[in-house]
Each structure stands twice: as structure tokens, then as C-alpha cells.
Amino acid sequence: MLADNLVMLRNLKGLTQEQVAEVIGISRQSYAKWEQGETIPDIEKCDKLAKFYGISIDALIHQNNTVGQTRIAPAPIGKHLWGMVTIGTKGQIVIPKAARDTFNLKEGDSLVVLGDDTEGIALIKSVDFENKIQEAMRLSQQKAEEKE
């Protein structure tokens, strides 16, 4: 997993092995061996790599996410991929337990469904959505009053 993640992350940034090796403070040959799975970096180098790519060390080493048959790179810190869900006959989905736990979602909670024609669908707790809208309205009103 580590070797594959290193290759994907480097390619996503459009960097050469030499460029990443320079950032980490090693030779290109040593870095190439990591990507080929011949050797593995020590914990300090893993920490540098994780920080450079904006992911956790755990994700760098262990994350093995796929969407369908396609393997994807580890998500940045604070971003998540919990897998796929299937839409039921009445449009219902089951939100994975890890997602429910992370966002403290409980039975009976109300969610707002947002959509963007090009980006897809997003869910947000109704209470949080209302708070954000109220704050945006307050700021808008405050700016209008300042102009007067």
C-alpha cells in the first residue's frame, strides 16, 4: 500500500521522484526504492512525506481506498472516503457508521441535501445549515448598514 500511495500522491502533484526526494532530504534512488516497494522509509521520513502531501502517516502507510475497481490516493487530513452506498427503491441510503460517528449523526437527525450539477450531492445537518445561513444573513445585513 505504501509504495502505491507514494506513486499516486507524487503523480497527483505532478512531481518527479527527484523533486520529492529533494524535499524529503534523500537521494532519488532511495525514493525510487520506496515506490518500488524494495525498502520502506523510517518513521521520520514517513512524517515528512505525510506532511508534504497533507495526509496522516496512517493514511500514507495503510489507506487502500477504492471506488468501484479504481484505487484512489489517500484523502487529505479532514477529508474522508468511507466507501460507496447503494440507493434503495425509495431513494434511501445508509450512511456508514464511521461517517455517523465522525459527524455525530443519530437516528432522527435532520439533514439538508445540497447539490451542484457538476460536483454532486452533499449532506449537512439541518441545524448547522441554518446556523450558517443565519450568520451569512447577519453579515450581509451588517455590511448593508455600514454602507448607509
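Sequence order as written defines the numbering, with residues in each chain counted from 1. Under the rules for a predicted model, residues below a pLDDT of 70 receive no local features and side-chain atom pairs below 80 are neither given nor counted, while totals for whole chains, interfaces and linings still include all residues. Hydrogens and waters are ignored; side-chain quantities use all the structure's heavy atoms.

K.L.:
It is not clear to me how the nonpolar core should be interpreted in this structure. Could you clarify?
P.N.:
Where a protein is soluble and globular, its nonpolar side chains tend to be buried together. One finds L6, Y31, W34, L49, Y53, I55 and L60 to be the most contacted residues of the largest nonpolar core, which totals 18 residues. Elements represented by at least two residues in this core include exactly α1 (2-13), α2 (17-24), α3 (28-35), α4 (43-53) and α5 (57-62). Whether two residues are in contact is decided by their heavy atoms: any pair within 4.5 Å suffices. Setting aside residues up to four positions removed in sequence, I55 forms contacts with L9, A50, L60, P74, A75, P76 and I77. Here, the term nonpolar core denotes a set of buried Ala, Val, Leu, Ile, Met, Phe, Trp, Tyr and Cys residues that are joined through side-chain atoms within 4.5 Å. Only protein chains enter the calculation, and the probe is 1.4 Å; a residue is then buried if its accessible area is under 20% of its type maximum, exposed if over 50%, and partly exposed in between. Note on conventions: DSSP H or I runs of at least 4 residues are helices, E runs of at least 2 residues are strands, and numbering of each starts at the N terminus.

K.L.:
Before we go on, may I ask you to explain the side chain of K45 in this structure?
P.N.:
Turning to its location among the elements, K45 is positioned in helix α4. His is not counted, nor are the chain ends, whereas Lys and Arg count as positive and Asp and Glu as negative. In the sections that follow, a salt bridge refers to a side-chain nitrogen of Lys or Arg positioned within 4 Å of a carboxyl oxygen of Asp or Glu. D42 provides the closest opposite charge to the buried, unpaired K45, separated from it by 4.5 Å. Not counting the four nearest positions on each side in its chain, K45 is found in contact with I24, I26 and W34.

K.L.:
I would appreciate a short explanation of the pattern of salt bridges in the present structure.
P.N.:
Opposite charge on two side chains lets them pair, provided their charged atoms get close. Summed over all chains, the structure comprises four salt bridges. Its salt-bridge partner being R10, residue E35 comes within 2.6 Å of it at the nearest N-O pair. One end of the pair, E35, is in helix α3; the other, R10, is in helix α1, with 25 residues separating them in the sequence. Residues E35 and R10 agree in their burial class; the two are buried.

K.L.:
What exactly am I supposed to notice about the packing of aromatic side chains here?
P.N.:
For any two aromatic rings, the description comes down to two numbers: the centre-to-centre distance and the angle of the planes. Under the pairing criterion, centres of Phe, Tyr and Trp rings, with the six-membered ring standing for Trp, must be within 6.5 Å; the plane angle then separates stacked pairs below 30 degrees from edge-to-face pairs above 60, leaving the rest tilted. If you walk through the whole model with that rule in mind, you get two aromatic pairs. A centroid spacing of 5.0 Å and a plane angle of 65° characterise the contact between F52 and Y53, whose relative ring orientation is edge-to-face. Lysine NZ or arginine CZ positioned within 6 Å of the ring centre and within 35 degrees of the ring normal marks a charge as sitting over the ring. When the ring centre of F52 is taken as reference, the NZ or CZ atom of K13 above it lies at 5.0 Å.

K.L.:
In this structure, what is going on with the packing of α2 against α4? I would like to understand it.
P.N.:
A pair of packed helices can be characterised by two numbers: the angle between their axes and the separation between those axes. Where α2 meets α4, the closest approach of the two axes is 10 Å, and the angle between their N-to-C directions is 115°. Where α2 crosses over α4, the handedness of that crossing is right-handed. Taken together, the residues of α4 that come into contact with α2 (itself represented by V20, V23 and I24) are K45, K48, L49, F52 and Y53. Axis definition: a line fitted to C-alpha atoms, over the contacting stretch in the case of helices. Angles run 0 to 180 degrees between N-to-C directions. By definition, turning the near helix anticlockwise from the far helix through less than a right angle yields a left-handed crossing, and turning it clockwise yields a right-handed one.

K.L.:
For this particular structure, what's the right way to read α3?
P.N.:
The α-helix advances 3.6 residues per turn, and as a result positions three or four apart in sequence lie on the same side. Looking at α3, one finds that the buried residues are Y31, A32, W34 and E35. Viewed end-on, α3 has its buried residues packed into an arc of 155°, placing them on one side of the element. Looking at the buried positions of α3, the neighbouring elements they touch are α1, α2 and α4. Phi turns positive one or two residues past the end of α3, at G37, with a value near 80°. Here the arc refers to the directions that run from the helix axis out to each C-beta atom.

K.L.:
Which parts of the structure should I look at to understand the packing of α1 against α3?
P.N.:
Viewed as axis vectors pointing N to C, α1 and α3 meet at an angle of 120°, and their least axial separation amounts to 7 Å. One way to sum up the angle between α1 and α3 is to call them oblique. Mapping the contact onto sequence places A3, L6, V7 and R10 in α1 and Y31, W34 and E35 in α3. For this scheme, ten residues count as nonpolar: Ala, Val, Leu, Ile, Met, Phe, Trp, Tyr, Cys and Pro. Four count as charged, namely Asp, Glu, Lys and Arg, and the remainder, Gly too, count as polar. In terms of residue class, the contact of α1 with α3 is built from five nonpolar, no polar and two charged. For classification purposes, an angle smaller than 35 degrees is called roughly parallel, one larger than 145 roughly antiparallel, one from 65 to 115 roughly perpendicular, and anything else oblique.

K.L.:
Explain the side chain of Q17 here, please?
P.N.:
One can find Q17 in helix α2. What makes Q17 buried here is its relative accessible area of 18%. Looking at Q17, its side chain comes within polar contact range of the side chain of E35, at 2.8 Å. Look past the residues within four positions of Q17 in its chain and what remains in contact with it is R10, R28, Y31, A32 and E35. Distance and chemistry together define a polar contact, namely a pair of N or O atoms within 3.5 Å, with one atom able to donate a hydrogen and the other to accept it when in protein, and with adjacent residues in sequence counting only for side-chain atoms on both sides.

Such coordinate-based values are descriptive only and should not be taken to indicate function.
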